[in-house]
Amino acid sequence: MAGLVSKLLRRDDRSGTPQLETVRITGQGEVIGLVADNGAHVWRGIPYAASTAGANRWRAPRPAAAWDGQRESVEFAPRCAQLTNRGDEDDGLEPGLVIGSEDCLALDIYAPPQAQCHFLPVLVWIHGGGNVWCGSSLYDGSHLAVNEDVIVVAIQYRVGPLGWFAHPALRDSAEQPEDEAACFAILDQIAALRWVAGNIARFGGDPDCVTIFGESSGGHNVVALLASPLAAGLFHRAIIESGSFDSVTRAEAEGLHGDLTNPSSEIANRLGATTAEELRSASVEDLYAACTFGEGWFLDVPRMIRDGVVLPDTPLRDAFTSTATFNTVPIIAGTTKDEMKLFFSADDEFTTKRLGALLVARDEEFYDAISEYFTRLWRIRAVNEPAAAMAGAGHGAVYSYRFDWDDSGRLLFMDFKKMFGASHGFEIPFVFNRFEHLGDADRFLFQKRTQEDREVLSRAIGRYWASFARDGAPSCPGHPDWPAFATDGGSYLRLDTANDGGITVVNDVDTLDRLIDDLRADPDSTRPSDGPLSTR
């Protein structure tokens, strides 16, 4: 997600003090966690695989070592090695710094009190961040776990060039078939799901009732897991929040053809490395120096590579045209009403700052128009077309939503509703029932006047997500039944507060042809200096 997202979801605990009631036995040894202020039992930084440094770099994850005695699981693991961006500035870190560690494959668990006595649904969260940034510590699942009586697991995985890399020297040095992959981040997620399958019952979770859910690049990763034969049987439902179905070939990732600006071969050339040993011995700092252009947020490394190991070598979206080529579990897929406003708001071609900090659109009508059309395109490509393909293939258990909440406030010249609307990632605080998203700006984004309505919507979304995790069909007492996408040729659930229409069922499917027709007819889609929006 964009760098504007800073203190995404703050943590809530009793000073990180271990609590005896949280002692559990895993396959690696005994752990002790803490109790959050709302009563949730929390375990942090449990390793699900070994360090990926040195000889393990660009290999399939190896098993985590066992430990003697009791492991205190009250501190988050370090983020996987990455570059900072504007999302880290609130922590005093300027963009472009190398932080984190290659010893980072860990997960956090949130459970309601007394969960050990039950077999509860498990929701495994896969964070976003463009697959180049972020970590599990930015997401607190304690409210969702307690509110909905579920187990929430947040996982970390390799990002950037350490998570996505294709090079013949690495394949030649493979010690096992999965080492020949290029999507090492997806292999990490599969390893985490295998850990969940073998251990989550000890925390009160049902290993036969696992839902994967993720937002942005996390949603993209959920799509990859749906298409990966290696992930078959490891999860039983999937939720794709503002995801993607795009992919690149191994040849494009290696720079053999295509127009990617920073393929793996170029990274290796800049490192002066030709052998697997040279690639694995390079420092993380040198690796990032070899593939950095500018501050590094939109780090252009090949991602979601069709490597023939983790993913088939055919286009990722093609996997969903037949029930024989993807893991046919019940699926929820959705977007927000104004996805692209988060990204365009950070682009000084479309916005300017007053008093050095307050964002305003340079041309409000054009800002709204370009955001609308690119957001519609996102939904068509990430929800409507894949859902229609799955329905056409005979997979009817697909549900669609659109998150519409945009009832935010203003600060002097800056109108948060106009600037962001229901922007990319804005559903996350509602899913996790923690209204913290843009750091200091949260008091204007989430005002007291909207608190009651927001809480009602948040709890409804949590209930829909949890009921889906339980039985594969989302429902929420007192709110509309959620029909499958294929109903009446395409239905979705519109998620909003009561003062703005509430939660309603909409029967409408946008298409690329309709978008193009609307674009051609819309005078706000052009600017005199730039010409048509479609050729910008």
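Description of the structure in this document.

Criteria and thresholds
Think of each chain on its own: its residues are numbered from 1, step by step along the sequence as written. Under the rules for a predicted model, residues below a pLDDT of 70 receive no local features and side-chain atom pairs below 80 are neither given nor counted, while totals for whole chains, interfaces and linings still include all residues. Just so you know, side-chain values use all the structure's heavy atoms and leave hydrogens and water out. Pairing between two strands is assigned when DSSP locates at least 2 bridges connecting them. Where helices and strands are cited, they refer to DSSP runs of H or I of at least four residues and of E of at least two residues respectively, numbered from the N terminus. Any two residues having at least one pair of non-hydrogen atoms within 4.5 Å are treated as being in contact. For helices, the axis comes from a line fit to the C-alpha atoms of the stretch in contact; other axes are also lines fit to C-alpha atoms, and the angle between any two N-to-C directions lies between 0 and 180 degrees. Definitions used throughout: a 1 Å grid over protein atoms alone; a cavity as a set of points that fits a 1.4 Å probe which cannot get out; a pocket as an open set with protein on both sides within 12 Å along at least five of seven lines; a lining residue as one with an atom within 4 Å of a point. Grid points are joined across faces, edges and corners, and a volume is the space filled by probe spheres set on the points. Side-chain classes follow a simple rule in which Ala, Val, Leu, Ile, Met, Phe, Trp, Tyr, Cys and Pro form the nonpolar group, Asp, Glu, Lys and Arg form the charged group, and the remainder, Gly included, forms the polar group. The patch calculation keeps residues exceeding 30% relative accessible area without a salt bridge and links them within 9 Å when they carry like charges or within 5 Å when they are nonpolar (Val, Leu, Ile, Met, Phe, Trp, Tyr). Per-residue and other accessible areas were derived by the Shrake-Rupley procedure at a 1.4 Å probe size, with only the shown protein chains allowed to occlude residues. Just to be clear on terms, a salt bridge is a Lys or Arg side-chain nitrogen sitting within 4 Å of an Asp or Glu carboxyl oxygen. Only four residue types enter the charge count: Lys and Arg as positive, Asp and Glu as negative, with His and the chain ends excluded. Lys charges are placed at NZ, Arg charges at CZ, Asp charges at CG and Glu charges at CD. Burial classes follow relative accessibility: with a 1.4 Å probe on protein chains only, a residue under 20% of its type's maximum area counts as buried, one over 50% as exposed, and anything between as partly exposed. Polar contact criterion, stated in full: a pair of N or O atoms within 3.5 Å, where within protein one must be able to donate a hydrogen and the other to accept it, and residues adjacent in sequence count only if both atoms are side-chain atoms. In what follows, roughly perpendicular refers to angles from 65 to 115 degrees, roughly parallel to angles under 35, roughly antiparallel to angles over 145, and oblique to any angle outside these ranges. Here, the term disulfide refers to a pair of cysteine sulfur atoms separated by no more than 2.5 Å. Helix span, as expected, comes to 1.5 Å for every residue beyond the first. The nonpolar core is taken to be a set of buried Ala, Val, Leu, Ile, Met, Phe, Trp, Tyr and Cys residues, with the residues joined through side-chain atoms within 4.5 Å.

### Let's talk about the sheet that holds strand 8 (residues 106-111)
As summarised here, the arrangement of the 11 strands in space is 3-4-8-10-9-11-12-15-18-21-22, forming an open sheet in which the pairing is mixed. If you trace the sheet from one side to the other, it starts and ends with strand 3 (34-35) and strand 22 (504-507), each paired once. Summarising the sheet, strand 4 (residues 41-47) and strand 8 pair through five bridges and their orientation is antiparallel. Along strand 8, the bridge assignment pairs Val 42 with Tyr 110. In this fold helix 4 (residues 217-227) packs onto strand 9 (120-126), strand 11 (205-215), strand 12 (237-241) and strand 15 (331-336), with an angle of close to 130° to the strand it touches most, strand 11.

### A closer look at empty space enclosed by the protein
Under the defined criterion, the tally for this structure stands at six cavities of 30 Å³ or more. The space that makes up the largest cavity amounts to roughly 50 Å³. Lining the largest cavity are Thr 52, Arg 57, Trp 58, Cys 80, Ala 81, Ser 101, Glu 102, Cys 104, Arg 158, Val 159 and Leu 162. Classifying every residue of the lining of the largest cavity gives six nonpolar, two polar and three charged.

### Remarks on the environment of Glu 277
Considering the arrangement of structural elements, one finds Glu 277 in helix 7 (residues 276-281). Sequence separation between Glu 277 and Pro 312 is 35 residues; the distance between their C-alpha atoms is 27 Å.

### Overview of a negative patch on the surface
A surface patch of like charges, here negative, comprises Glu 89, Asp 90, Glu 94 and Asp 440. One can find Glu 89 in the loop between strand 6 (82-83) and strand 7 (98-99). We classify Glu 89 as partly exposed; its relative accessible area is 42%.

### Points about unusual backbone geometry
One non-glycine residue, Asn 131, adopts positive backbone phi at about 60°. Within the fold, Asn 131 resides in the loop between strand 9 and helix 1 (142-148). Phi at Leu 412 takes a positive value of approximately 50°, unusual for a residue other than glycine. The class for Leu 412 is exposed, based on a relative accessible area of 60%.

### Section: the side chain of Asp 140
Looking at where Asp 140 falls in the secondary structure, it is placed in the loop between strand 9 and helix 1. In this structure the side chain of Asp 140 is engaged in a polar contact, spanning 2.6 Å, whose partner is the side chain of Ser 142.

### A word on the sheet that holds strand 2 (residues 30-32)
Strand pairing in a sheet is mediated by backbone hydrogen bonds. Such pairs are either parallel or antiparallel. Sheet architecture is open: three strands sit in the order 1-2-5, paired in mixed fashion. Looking at strand neighbours, the two that pair on one side only are strand 1 (24-25) and strand 5 (70-72), the edges of this open sheet. Across three bridges, the pairing between strand 2 and strand 5 is parallel. Note on strand 5: the bridge partner recorded for Val 31 is Arg 71.

### What to know about the pattern of salt bridges
Under the definition given, this model contains 30 salt bridges. With its nearest N and O atoms 2.7 Å apart, the salt bridge here joins Arg 402 to Asp 404. Judged by its relative accessible area of 22%, Arg 402 falls in the partly exposed class. Among the salt bridges present, the one from Arg 494 reaches Asp 496, with a minimum N-O distance of 3.2 Å. Under the relative-accessibility criterion, Arg 494 is labelled buried at 16%.

### A short note on the packing of helix 10 (residues 364-392) against helix 15 (residues 512-521)
Contact geometry of helix 10 with helix 15 gives a least axis separation of 10 Å together with a crossing angle of 170°. On the basis of their axis angle, the class for helix 10 and helix 15 is roughly antiparallel. Contact residues: helix 10 offers Tyr 373, Arg 376, Leu 377, Ile 380 and Glu 385, while helix 15 offers Leu 512, Arg 514, Leu 515, Asp 518 and Leu 519. For the contact of helix 10 with helix 15, a count of residues per class yields six nonpolar, no polar and four charged.

### Some details on the state of the cysteines
A covalent bond between the sulfur atoms of two cysteines is referred to as a disulfide. One pass over the structure, following the stated rule, counts one disulfide. Between the sulfur atoms of Cys 80 and its disulfide mate Cys 104 the distance is 2.1 Å. Torsion about the S-S bond of the Cys 80 and Cys 104 cystine: about 95°, corresponding to right-handed handedness. One end of the pair, Cys 80, is in the loop between strand 5 and strand 6; the other, Cys 104, is in the loop between strand 7 and strand 8, and 24 residues separate them in sequence. Free cysteine: Cys 209, not disulfide-bonded; nearest cysteine sulfur from Cys 476 at 18 Å. Judged by its relative accessible area of 9%, Cys 476 is buried.

### Considering helix 14 (residues 451-471)
The end-to-end C-alpha distance of helix 14 is 30 Å, a good match for the 30 Å that 21 residues give at a rise of 1.5 Å each. Buried within helix 14 we find Arg 454, Leu 457, Ser 458, Ala 460, Ile 461, Gly 462, Tyr 464, Trp 465, Ala 466, Ser 467, Phe 468 and Ala 469. Directly after helix 14, the chain includes Gly 472, whose backbone phi takes a positive value near 85°.

### Observations concerning the pairing of strand 4
Along any regular strand the residues' side chains alternate between the sheet's two faces. With seven of its seven residues buried, strand 4 lies for the most part within the structure. Across two bridges, the pairing between strand 3 and strand 4 is antiparallel. Its bridge partner lying in strand 4, Leu 34 is registered against Val 42. In this antiparallel pair of consecutive strands, strand 3 and strand 4, the connection spans five residues, and Gly 39 shows a positive phi of 95°.

### Notes on a nonpolar patch on the surface
Together, Leu 355, Leu 412 and Phe 413 line one region of the surface with nonpolar side chains, adding up to about 350 Å² of accessible area. Following the sequence through the fold, Leu 355 ends up in the loop between strand 16 (351-354) and strand 17 (358-361).

### A few points about the nonpolar core
Ile 109, Val 153, Phe 235, Phe 403 and Trp 465 are the most contacted members of the largest nonpolar core, which totals 157 residues. For this core, the element with the most residues is helix 3 (residues 184-199), which contributes 10 residues. Other than its neighbours up to four places away in sequence, Val 153 contacts Leu 107, Asp 108, Ile 109, Val 122, Leu 123, Val 124, Trp 125, Val 196 and Ile 200. Counting residues in hydrophobic clusters, the runner-up holds five residues, among them Ala 369, Tyr 373, Leu 515 and Leu 519.

### Let's talk about the environment of Thr 314
Note on placement: Thr 314 falls in the loop between strand 14 (305-306) and strand 15. Residues Thr 314 and Ala 106, spaced 208 residues apart in sequence, show a C-alpha to C-alpha distance of 31 Å.

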